[in-house]
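So you can see what is in the structure, the chains are spelled out below.
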Amino acid sequence: MRVDTAHSVTDTRNRPIRDLRISVTDRCNFRCTYCMPREVFGPGYAFVSRDQLLTLEEIARITKVFAMAGMRKVRITGGEPMIRRNLEHLIAMIAAIDGVEDISMTTNGSMLSAGRARELKRAGLKRLTVSLDALDDETFKRINDVDYPPSRVLDGIENARAAGFVGIKVNAVVRRNFNEHAVLPLVEQFRHTDCIVRFIEFMDVGETNGWNLEDVIPARELVRQIQARYPMEPVSPNYQGEVAKRWRYRDGAGEIGFITSVTESFCGGCSRARLSAVGQVYTCLFGTEGHDLRAPLRSGASDAQLLRQLTQVWQGRTDRYSELRSQYSQAVQGRPKVEMSHIGG
Ligand code: SAM
Ligand code: SF4
Ligand code: SF4
C-alpha cells in the first residue's frame, strides 16, 4: 500500500503524530536505580515472554502504519535495545519504510563494540544517544547497580564515532544528592567534541523508582552552575516541539541541552507516541493504559484496519501529564503508571 505522506492524524489539541519510540525489549543488563531498581526487577521479576514479544516483522509492520498516520521519526529504545537479537535487521526494515525520515536509538552503550557500531550504521541508523550519568566509577556503578564502569561506555561512544556517527547525544539523568557532582566533569569531558550532553530532570515515570520532587534538580539550577564556569547562550530549537532546550558555550566549545520534563513541561508540542515491546500503544510517557495493536495484528487485520484503530486512539488523545502533574498523580491513584523499561524513555 502506498503511503500518503500528506495524511496526518492530529489529536484533540491539534498535535500530530510525528515521533514514535519503540521499546524492542523490556529487559536490560543494567539495574539503574531510577529506572529498574533491583528490589523490583530482581530474579523473580516476570519479564515479557518470547511469544508475547512483537516479532521484528510485526514491529516493522506497525511502524509502517504509524508512518501512514504521519509519523516521520523513529527512536529505538527499551529496556536495553541492543539486547534484542537481529536489531540491525529491524533497523534496516524501518529505514526502508516510506515516510520515515529519521531513525535513532537510545542505548546504555554497554554493547557498542566496534563491530556492532559499524553494523548499526550500515543498517541505516542515523543517530545515537548514549546514556551516561557520571564519569567516576563509584557514582556510575552505584547508579547502574551492576558494577559497570563508565570507561566502557566511553569506549562505546568512541566506537560509534569511529563507525561514522556524528553529533552523538549523551543523556545524563541528574538526581539531587546522587550525582549532581558529576555534572561539571561531564560538561568538561564533552566540551570541544561533537558530542552533545543533555541533562535530564529525574522524572516520576512508573511506580517503582521512589521519585520525590525534592530529588529533582531544576535545569535552571544546572544552567546557573555551568554558566558560572563556562559562559553559555541559548540556541533556538532545531525544529518545533524539540524536547531539549539548547545552549552553546560562548567560547565555541560546542553545545549542551537540558530536558526540563518536570519544571517546564512541553506537552503543548508533544507529538510522541510509544510502542511497547508487546504491541501496546501509549500516547504519553506517564500513561496508565496502552491500546493493544498486537491482537488485531495477529488476527489478520489489514494495514487500513490498523490505521483506523491508531487514528481513533490518537484523535482521542488529551494527554498533558506534565502540565497537570500534581492533580494528575491523585487522579491516577489506583491505576499504576507504566514503567519506563516497558515503553522506553
Ligand atoms: N537502556 C537505554 C538507555 O539507558 O539509554 C534505553 C532505555 S532508557 C529507559 C532511556 C532513557 O531514559 C535513558 O537515557 C535513561 O537515563 C532515561 N531514564 C530512565 N528513567 C528515568 C527517570 N526516572 N527520569 C529521567 N530519565 C530516565
Ligand atoms: Fe536499563 Fe536504560 Fe533503564 Fe538503565 S535507564 S535500567 S540502562 S533501561
Ligand atoms: Fe508528552 Fe505526556 Fe510528556 Fe506531556 S507528559 S510531554 S503529553 S509524554
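Counting restarts for each chain: residues are numbered from 1 in the order of the written sequence. All chains are assigned letters beginning at A, and all ligands numbers beginning at 1, according to the order in which they are written. Only residues with pLDDT of at least 70 are given local features in this predicted model, and only at 80 or more are side-chain atom pairs given and counted; all residues enter the totals for whole chains, interfaces and linings. In computing side-chain properties, one takes all heavy atoms of the structure into account and sets aside hydrogens as well as water.

### What about unusual backbone geometry?
No. 1: Its identity is not glycine, yet Asp145 carries a phi of approximately 60°, on the positive side.
No. 2: Only runs of H or I of at least four residues qualify as helices and only runs of E of at least two qualify as strands under DSSP, and these elements are numbered from the N terminus. Mapped onto the secondary structure, Asp145 falls in the loop between helix H4 (137–144) and helix H5 (150–162).
No. 3: Of note, the phi angle at Asn177 is positive, near 60°, even though the residue is not glycine.
No. 4: With respect to the helices and strands, Asn177 occurs in the loop between strand E5 (169–174) and helix H6 (183–190).

### Focus on the sheet that holds strand E2 (residues 73–77)
No. 1: Two strands qualify as a pair provided that DSSP identifies no fewer than 2 bridges between them. Taken in spatial order, the 12 strands of this open sheet run E7-E8-E9-E6-E5-E4-E3-E2-E1-E10-E11-E12, and their pairing is mixed. Unpaired on one side and paired on the other, strand E7 (232–235) and strand E12 (291–292) mark the two borders of the sheet.
No. 2: Any two residues whose heavy atoms approach within 4.5 Å are treated as being in contact. Note on geometry: axes are lines fitted to C-alpha atoms, helical ones only across the stretch in contact, with angles between N-to-C directions running from 0 to 180 degrees. Seen against the sheet, helix H2 (residues 87–95) touches strand E1 (19–23), E2 and strand E3 (102–107) and runs at an angle of roughly 170° to E2.

### Brief notes about the site of ligand 1
No. 1: The environment of ligand 1 is made up of 19 residues, and the closest members are Tyr34, Gly79, Thr107, Ser131 and Met203.
No. 2: Any pair of nitrogen or oxygen atoms within 3.5 Å is treated as a polar contact; in protein, a donor-acceptor pairing is required on top of that, and neighbouring residues in sequence qualify only through side-chain atoms on both sides. Contact between ligand 1 and Gly79: a nitrogen atom at 3.0 Å from a main-chain N or O atom of the residue.
No. 3: A distance of 3.2 Å separates an oxygen atom of ligand 1 from a polar atom in the backbone of Thr107.
No. 4: The protein chains shown are the only cover counted for residues, whose accessible areas, like all others here, come from Shrake-Rupley with a 1.4 Å probe. Protein contact buries 95% of the 540 Å² of open area that ligand 1 shows by itself.
No. 5: For this classification, the nonpolar set comprises Ala, Val, Leu, Ile, Met, Phe, Trp, Tyr, Cys and Pro, the charged set comprises Asp, Glu, Lys and Arg, and every other residue, Gly included, is treated as polar. For the shell around ligand 1, the class distribution of residues is seven nonpolar, 10 polar and two charged. To be near a molecule or strand, a residue needs just one of its heavy atoms within 4 Å of it.

### Here's the deal with the pattern of salt bridges
No. 1: The term salt bridge refers to a pairing of a side-chain nitrogen on Lys or Arg with a carboxyl oxygen on Asp or Glu at a separation within 4 Å. Throughout the structure, instances matching the rule amount to 23 salt bridges.
No. 2: One salt bridge connects Asp137 with Lys141, and the closest N-O pair in it is separated by 3.4 Å. Linking Asp137 with Lys141, this pair stays in helix H4, spanning four residues, or about one helical turn.
No. 3: When a residue's accessible area, from a 1.4 Å probe over protein chains only, is under 20% of the maximum for its type it is buried; when over 50% it is exposed; and in between it is partly exposed. On the basis of relative accessibility, which here comes to 25%, the residue Lys141 falls in the partly exposed class.
No. 4: Lys245 serves as the salt-bridge partner of Glu264, at 3.9 Å between the closest nitrogen and oxygen. Taken as a pair, Glu264 in the loop between strand E9 (255–259) and strand E10 (272–275) and Lys245 in strand E8 (residues 245–249) lie far apart in primary sequence, 19 residues in all.
No. 5: Each member of the salt-bridge network shares a partner with another, and the members are Asp11, Arg15, Arg317 and Asp319.

### Section: the environment of Tyr249
No. 1: Assignment of secondary structure puts Tyr249 in strand E8.
No. 2: On the basis of relative accessibility, which here comes to 3%, the residue Tyr249 falls in the buried class.
No. 3: Note: C-alpha distance between Tyr249 and His192 (57 residues apart in sequence) is 9.8 Å.
No. 4: Setting aside anything within four residues of it in sequence, one finds Tyr249 in contact with Val187, Arg191, Ile226, Tyr230, Pro231, Met232, Gly254, Glu255 and Ile256.

### Looking at the environment of Arg50
No. 1: Structurally, Arg50 can be placed in the loop between E1 and helix H1 (56–68).
No. 2: Separated by 104 residues in the primary sequence, Arg50 and Leu154 have C-alpha atoms spaced 32 Å apart.

### With respect to H6
No. 1: Of all the residues in H6, the buried ones are Val183, Leu184, Leu186, Val187 and Phe190. All buried residues of H6 lie within an arc of 160° about the axis, which places them on one face of the element.
No. 2: Against the buried residues of H6 lie H5, E5, strand E6 (196–201), helix H7 (219–229) and E8. The arc under discussion is defined with respect to the helix axis, by the directions toward the C-beta atoms.

### Let's talk about the packing of aromatic side chains
No. 1: Only the six-membered ring of Trp is used, alongside the rings of Phe and Tyr, when aromatic pairs are assigned; centres must lie within 6.5 Å, and planes under 30 degrees apart are stacked while those over 60 apart are edge-to-face, with the rest tilted. Under the definition given, this model contains eight aromatic pairs.
No. 2: Centre to centre, the rings of Phe30 and Phe140 are 6.3 Å apart; their planes meet at 75°, and the pair counts as edge-to-face. Of this pair, Phe30 sits in the loop between E1 and H1 while Phe140 sits in helix H4, placing them 110 residues apart in sequence. Residue Phe30 shares its accessibility class with Phe140, and that shared class is buried.
No. 3: Geometrically, the ring pair formed by Phe41 and Phe47 is tilted, given 6.5 Å between the ring centres and 35° between the ring planes.
No. 4: Connected via pairs of aromatic rings, a cluster forms that spans Phe30, Phe140 and Tyr148.

### Examining the nonpolar core
No. 1: Throughout this description, the term nonpolar core refers to a set of buried Ala, Val, Leu, Ile, Met, Phe, Trp, Tyr and Cys residues connected via side-chain atoms within 4.5 Å. Of all hydrophobic cores here, the largest spans 103 residues; its most connected members are Ile76, Phe199, Ile226 and Phe258.
No. 2: For this core, the leading source of residues is H1, giving eight residues.
No. 3: Setting aside chain neighbours within four positions, we find Ile226 in contact with Val183, Leu184, Val187, Phe199, Met232, Tyr249, Ile256 and Phe258.

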